[in-house]
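Examining the three-dimensional arrangement
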Amino acid sequence: MKRLGTDALKQSKTGENMTIGIVSYGAYIPRYRIKLEEIARLWGDDAEALKNGLMVDEKSVPDIDEDTATIAVEAARSAMARSEINPHRIGAVYTGSESHPYAVKPTSTIVAQAIGATPEMTAADFEFACKAGTAAVQACMGLVGSQMIDLGMAIGADVSQGAPSDALEYTAAAGGVACIIGRKEDELAAIIEATYSYTTDTPDFWRREGMPYPEHGGRFTGEPGYFKHVINGAKGLLKKLGTKPEDYDYAVFHQPNGKFPSKVAKMLGFTTPQIAPGLVVPKIGNTYSGSCLMGIAATLDEANPGDRIFATAFGSGAGADAFSITVTDKIKEIRNRAPKVSELIKNPIYIDYARYAKHKGKIRLG
Amino acid sequence: MSSVPRFWRNLASRYNLEGTHCKECGNYFYPPRNFCVNCRRSGQIEHYKFKGTGEIVTYTIIRTAAEGFERQAPYTLAIIKLDEGSIMTAQIVGDPEKMYIGMRVRSVFRKLGEGGERGMIYYGTKFVPAET
Ligand SMILES: [Zn+2]
């Protein structure tokens, strides 16, 4: 395992002589779960075949009064609780989601108000399928790195919808993660050494304005969508940094199901133990904009100072954002101040399909 | 709930349990008061953000919900004594059958209701059982 000292890290920064990283992070997952057997029972599908094929056992379901804004706020408040920073230092709040509650009116203003960061700050919502949250992280890195702002908050949160009986219904879940991005070295719990993106116009998945459920190009969209972009994004960053998979202690890949990240990790040369701590999809499903960040959060919950994490997010449409992260001593000080991802996964409340349909608004009242 | 401007004015205190504290007598006020009823003119009021922890004083289960709340019924409406001493009314998230007087609760951020499909979505503070 190659270890980099602080001096070596300083030379591999994205900016010139500037260390940018994660000051704090917070995750939120709703308490409710539905097992895949329960969904399969309703549609007469083979539950065991689905569970093995998708490598997902159950998925999170938002409460009736939870949406992307409430999930983003809970994640943001956890990040604030971990860091104990003055909220007025946050100069930007960017929330990435494909399920913003309003078509016009930002989620990010709700979050900013709820953490007490308003009014001297900027805010906007991001959209890029499942990688809107990591796009927000990159935007914050740019603003923090250029010293336009002191700290930035980037969030990925979703309450994803799959049409009843569509394949997506088995994995579309709810959850969110917030990251506070900063540049003061003694405040960083993890240093982001570099980021690299790979983007093309690929119609693998979409949802038109006003439509409740997304459409997708069918079951064969994995190769031109997920695999092509994740592999090119990951390889691009490894090349940029001159690192190899074995230089990293952990790896996280966007997890729309358990199979894709496991397969892409193997194709790139990462091992099963490297992806294990961040592979949370079997117990919570695909949290879309929260997905890759949830894996990063779960890995930060367990990593030791000096550990390196390689992460690649994917968004349909399509693009990948890759990150190389090194954990600092600060992680031990902050991580116990808010619930860990493993704690959020514990104590689920299982619901049946009827209750699930009510929670997800599949039953339209009036 | 019916008036957007009224909700707007109280938004900060609904989102964050922002109230006031009298430095003179130590009393806490939610919703915020700018005048201490105990100390009158000698009161010294300061801004205070409540911790969001407390216990249920009493509660009722709402089975026939008002407009904008239909999907949430049945739900529990409770009088909560915050640890700082202030009393407030709020919805408790969770199984109504499992509520009891004296139950410890903590605040969460949830949707309070919405003005139909076209209207505003109202967000604010509810409570969940503190244990688990
Ligand atoms: Zn007083």
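Residues numbered from 1 in each chain as written. Chains lettered and ligands numbered in written order. Predicted model: local features only at pLDDT ≥ 70, side-chain atom pairs only at ≥ 80, totals over all residues. Heavy atoms only, no water.

1. With respect to the overall build of chain B
- Each helix and strand counted, chain B has two helices and eight strands in total.
- With the C-alpha coordinates aligned to their principal axes, the bounding extent of chain B is approximately 50 × 35 × 20 Å.
- Looking at chain B as a whole, 42% of its 132 residues qualify as buried.
- A fraction of 46% describes how many contacts in chain B between residues 6 or more apart in sequence connect residues 24 or more apart.
- Surface summary for chain B: the accessible area is close to 7400 Å², and the carbon and sulfur share equals 49%. (Helix = DSSP H or I, 4+ residues; strand = E, 2+ residues; numbered from the N terminus. Buried < 20%, exposed > 50% of the residue type's maximum accessible area, 1.4 Å probe, protein only. Contact = heavy atoms within 4.5 Å. Areas by Shrake-Rupley, 256 points an atom, 1.4 Å probe, with all protein chains shown as cover.)

2. Let's talk about helix H11 (residues 291–302) of chain A
Residue and element names in this part refer to chain A.
- Between its first and last C-alpha atoms H11 spans 17 Å; for 12 residues at 1.5 Å apiece the expected length is 16 Å, and the two agree.
- Taken across its 12 residues, H11 has 11 buried, putting it largely inside the fold.
- Of the residues making up H11, those classed as buried are Ser291, Cys292, Leu293, Met294, Gly295, Ile296, Ala297, Ala298, Thr299, Leu300 and Asp301. (Expected span 1.5 Å × (residues − 1).)

3. With respect to the coordination of the zinc ion
Residue and element names in this part refer to chain B.
- Coordination sphere of the zinc ion, protein contribution only: Cys22 (SG), Cys25 (SG), Cys36 (SG) and Cys39 (SG), at 2.2 to 2.3 Å.
- In this structure, the zinc ion is surrounded by four donor atoms whose angles at the metal cover 102 to 116°, and the resulting shape is tetrahedral.
- Sequence positions of the residues that donate to the zinc ion give the spacing C-x2-C-x10-C-x2-C.
- Since its relative accessible area comes to 13%, Cys39 is described here as buried. (Donors = N, O, S within 2.8 Å, 3.2 Å for Na, K, Ca; no water. Tetrahedral: all angles 85-135°; square planar, octahedral: opposite > 155°, others 65-115°.)

4. Overview of the confidence of the model for chain A
- On average, residues of chain A score 91 in pLDDT, and 93% of them reach the 70 mark or higher.
- Of the regions scoring below 50 in pLDDT, residues 4–15 of chain A engages in 20 contacts with residues more than four places distant in sequence or in other chains. (pLDDT = per-residue confidence, 0-100.)

5. A few points about the nonpolar core
- Counting residues in hydrophobic clusters, the biggest one holds 48 residues, and the most contacted among them are Ile181, Leu300 and Val341 of chain A.
- Ranked by residues supplied to this core, first place goes to helix H6 (residues 132–145) of chain A with eight residues. (Core = buried A, V, L, I, M, F, W, Y, C linked by side-chain atoms within 4.5 Å.)

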